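Working through the structure, step by step
Read off the chains here:
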Amino acid sequence: MKHEYILVVDFGGQYTQLIARCVREAGVYAQIIPCDMAFDCIDTENLKGFILSGGPDSVYDDTSMQITKDILTLQVPILGICYGMQLLAQLSGGEVTKAQVPEFGLTDIFFEQHPLFENMPQMKVWMNHNDRVCTLPATAKIIARTEDCEIAGFADETHKQYGVQFHPEVMHNVKEMKIFENFCRNLCGCTQFWDVEHLSGQLIEEIRQKAAGKKVLCALSGGVDSSVAAVLVHKAIGNDLHCVFVDHGLLRENEAQEVMDFYQQTVGMNITKINAKQRFLSKLMGVTEPEQKRKIIGEEFIRVFEEEAQKLKDIDYLVQGTIYPDVVESGQGKSAVIKSHHNVGGLPSNISFKGLIEPLRLLFKDEVRKLGSSIGIPDKLVWRQPFPGPGLAIRIMGEITEERLELVRRTDAILREEIAKAGLQRAIWQYFTVMTGVQTVGVMGDGRTYEYVIAIRAVTSDDAMTVEFAEIPFPILRKISSRMVNEVNGCSRVVYDITSKPPATIEWE
């Protein structure tokens with residue numbers, strides 16, 4: 001790896017991805033590894049430090065997640081967060097017990113003067129713990145405390161080990177929260193600046209070295225991820241790239257035609273449209289379990305691409321727009337599988353391609369957008385609404401039928417139209433409708449109805465790692481609801497999802 005970097009060790013914490021994002025926002029490259037990764041698999045070239053994430057375990061339990069003590073011998077700084085702090089203290093001779101007073105939510109904290117807290121005022125931080133460090137390692141000292149937690153932060157300068165009981169990553173949007181920048185610059189000595197906008201040249205050269213003189217097939221969905229991946233590969237190998245757009249029957253209203261028009265007329269790539277609607281829908285008939293839906297769709301995509309590759313002949317590689325959250329959420333090591341993304345956990349084990357090209361595999365969504373703009377992709381495409389590979393299949397609760405697909409398509413089209421009229425397209429990160437599968441009693445034209453509930457999901461975010469529901473003005477919501485009920489057969493009630501992520505995910509399945 002050419003960049004200086006920080007390794008984030010994942011102990012199954014719900015905020016692990018946020019830690020990596022915060023480090024990158026501080027201008028240092030970060031990558032997540034599972035806590036059970038073998039020591040000899042860790043690339044230490046240009047490694048500047050470790051961050052140990054939070055997690056659900058108690059470090060004193062026999063079954064708790066651990067790391068190899070060999071990491072402590074590398075002589076690079078280590079920052080432990082919550083569970084990571086407790087584990088670091090225990091491994092170095094400290095003691096961890098149940099907290100007499102657990103802390104949850106925003107809590108006042110008091111910092112001692114230390115490079116880790118440089119330019120940070122006394123403030124409220126996010127606490128989420130039942131355990132506490134009650135005895136420090138012999139060479140460590142307290143650098144932060146709260147009213148109920150005497151050791152809310154420690155520093156062991158002898159061994160370059162540091163810990164905080166709170167979650168600074170949850171507060172990453174607060175300007176005063178400079179812990180990650182301070183850790184990387186003050187304690188790890190990082191001097192380089194990670195800037196994704198200047199990454200395109202390196203990525204294109206890596207693709208060229210791997211695929212020059214070979215034929216490559218690109219799974220092109222029309223979304224920003226696959227589009228940026230396709231443009232990078234096209235810049236590397238030109239017309240040896242063949243793009244395939246699969247209409248699996250699970251697309252939004254008029255989407256297939258819009259995608260084909262854009263790539264043929266604007267981008268000028270080789271692109272073939274495959275109509276596989278009946279093929280996918282027949283495979284999904286009667287399937288209701290979300291993970292099974294994803295795996296069926298993931299495998300069927302691969303089979304379609306394999307068949308197209310046989311027609312084109314001598315195709316060596318498959319290009320996918322896989323991004324970092326796809327990889328992490330699909331599970332690494334002992335980390336939980338949040339959902340199997342169709343292009344990662346949903347991939348079959350036996351594919352006929354010699355290999356995959358995934359140039360965005362280590363980038364977050366906002367980084368992909370910046371990269372896309374830097375290589376000249378128009379804003380209309382770079383800021384296109386995110387749309388999952390499984391499409392409307394995971395926006396329909398339960399069985400997928402033509403009737404339910406039509407309900408989602410029509411209500412989604414109304415939502416997008418009204419959001420655009422209100423000028424909120426860029427203010428809202430993602431917005432769509434969900435067919436809940438729930439029927440409720442209503443009354444229309446003095447008669448009883450028993451039709452479906454449609455849910456609206458609209459969220460704001462910088463990176464899709466955490467989201468808040470969008471506060472759409474009530475007059476706009478009222479108009480959207482009225483139009484859906486009046487214009488879409490089968491919809492008799494509209495509800496608005498006001499759940500953040502976490503605990504929810506953006507999609508419902």
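Before reading further, recall that the structure is shown in the block above.
Now for a look at the structure at hand. (Residues numbered from 1 in each chain as written. Predicted model: local features only at pLDDT ≥ 70, side-chain atom pairs only at ≥ 80, totals over all residues. Heavy atoms only, no water.)

When helices and strands are tallied, the protein shows 13 helices and 18 strands. Taking 2.2 N^0.38 as the reference for a compact globule, 509 residues should give roughly 23 Å; the C-alpha atoms of the protein span a radius of gyration of 25 Å, in line with that estimate. Along the first, second and third principal axes, the C-alpha atoms of the protein reach 70 × 65 × 40 Å. When the accessible area of the protein is evaluated, it comes to approximately 21600 Å², of which 47% is carbon and sulfur surface. Across the protein, the centroid of the 53 positively charged side chains sits 5 Å from that of the 68 negatively charged ones. (Helix = DSSP H or I, 4+ residues; strand = E, 2+ residues; numbered from the N terminus. Rg over C-alpha atoms; globule rule 2.2 N^0.38 Å. Areas by Shrake-Rupley, 256 points an atom, 1.4 Å probe, with all protein chains shown as cover. Lys, Arg positive; Asp, Glu negative; His and termini not counted. Charge placed at Lys NZ, Arg CZ, Asp CG, Glu CD.)

This paragraph deals with the sheet that holds strand 1 (residues 5-10). Ordered in space as 2-1-3-4-9-8-7-5-6, the nine strands form an open sheet in which the pairing is mixed. The outermost strands of the open sheet, each flanked by one partner alone, are strand 2 (29-34) and strand 6 (123-135). Taken over all neighbouring pairs, the strand axes of this sheet differ in orientation by 25° on average, direction set aside. The pairing of strand 3 (residues 47-52) with strand 4 (residues 78-81) spans three bridges and is parallel. By the bridge assignment, Leu52 is partnered in strand 4 with Gly80. Running over the sheet, helix 1 (residues 16-25) touches strand 1, strand 2, strand 3 and strand 4 and is turned about 160° from strand 2. Along the sheet, helix 3 (residues 179-187) makes contact with strand 1, strand 3, strand 4 and strand 9 (161-164), crossing strand 4 at roughly 160°. (Pairing = 2+ DSSP bridges. Axes fitted to C-alpha atoms, helices over the stretch in contact; angles between N-to-C directions. Contact = heavy atoms within 4.5 Å.)

A few words now on the pairing of strand 2. Regular strands have side chains that alternate between both faces of the sheet. When you tally the buried positions in strand 2, you get six out of six residues, the bulk of the element. The side-chain alternation of strand 2 yields two buried faces, one formed by Tyr29, Gln31 and Ile33 and the other by Ala30, Ile32 and Pro34. Inspection of the sheet shows strand 1 paired to strand 2 by six bridges, in the parallel sense. Across the sheet, residue Val9 finds its bridge partner in strand 2, namely Ile33. Chirality of the crossover, the property in question, places the unit of strand 1, helix 1 and strand 2 among those that are right-handed. (Buried < 20%, exposed > 50% of the residue type's maximum accessible area, 1.4 Å probe, protein only. Right-handed = clockwise from strand over helix to strand, strands pointing away.)

This part covers the packing of aromatic side chains. Each pair of aromatic rings is reported with the distance of its centres and the angle of its planes. Under the counting rule described, the total for this entry stands at eight aromatic pairs. Look at Phe301 and Phe305: their rings are 5.8 Å apart centre to centre, the planes differ by 15°, and that puts the pair in the stacked class. With Phe301 and Phe305 both in helix 8 (residues 290-312), this residue pair falls four residues apart, about one helical turn. Each member of the aromatic cluster is reached from another via a ring pair, and the members are Phe111, Phe117 and Phe166. Above the face of the Phe432 ring, Arg395 is positioned so that its terminal group lies 3.8 Å from the ring centre. A cation over an aromatic ring shows up here: Arg426 above the ring of Trp383, its NZ or CZ 4.3 Å from the ring centre. (Phe/Tyr/Trp six-rings, centres within 6.5 Å; stacked < 30°, edge-to-face > 60°. Lys NZ or Arg CZ within 6 Å of the ring centre and 35° of its normal.)

Of the voids in this model, the largest pocket is the one considered here, and its volume is about 680 Å³. Taken together, 20 residues form the lining of the largest pocket, with Glu258, Lys380, Arg384, Gln385 and Arg416 sitting closest to its centre. If you list the elements that add at least two residues to the lining of the largest pocket, you get helix 6 (255-267), helix 11 (379-382) and helix 12 (402-421). Per-element tally for the lining of the largest pocket: the top contributor is helix 6, with five residues. (1 Å grid on protein atoms, 1.4 Å probe; cavity = no way out; pocket = protein on both sides within 12 Å on 5 of 7 lines; lining within 4 Å. Points joined across faces, edges and corners; volume = space filled by probe spheres on them.)

When you tally the buried positions in helix 2 (residues 83-91), you get eight out of nine residues, the bulk of the element. Inspection of helix 2 places Tyr83, Gly84, Met85, Gln86, Leu87, Leu88, Ala89 and Leu91 among the buried residues, and these make up the whole buried set. Next to the buried residues of helix 2 lie strand 3, strand 4, strand 5 (95-111), strand 6, strand 8 (153-156) and strand 9. Following helix 2 by one or two positions, Gly93 has its phi on the positive side, about 105°.

On to the sheet that holds strand 10 (residues 215-219). Strand order in this open sheet of five strands is 12-11-10-13-14, and the pairing throughout is parallel. Only two strands of the sheet have a single neighbouring strand rather than two, namely strand 12 (271-275) and strand 14 (355-357). When strand polarity is set aside, the average angle formed by the axes of neighbouring strands in this sheet is 30°. The strands touched by helix 8 are strand 10, strand 11 (241-247), strand 12 and strand 13 (315-319); relative to strand 11, the strand with the most contacts, the crossing angle is about 135°.

Turning our attention to empty space enclosed by the protein. One pass over the structure, following the stated rule, counts three cavities of 30 Å³ or more. Taken together, His3, Glu4, Gly27, Val28, Tyr29, Gln192, Phe193 and Trp194 form the lining of the second largest cavity. A per-class count over the lining of the second largest cavity returns four nonpolar, three polar and one charged. (Nonpolar A, V, L, I, M, F, W, Y, C, P; charged D, E, K, R; others polar.)

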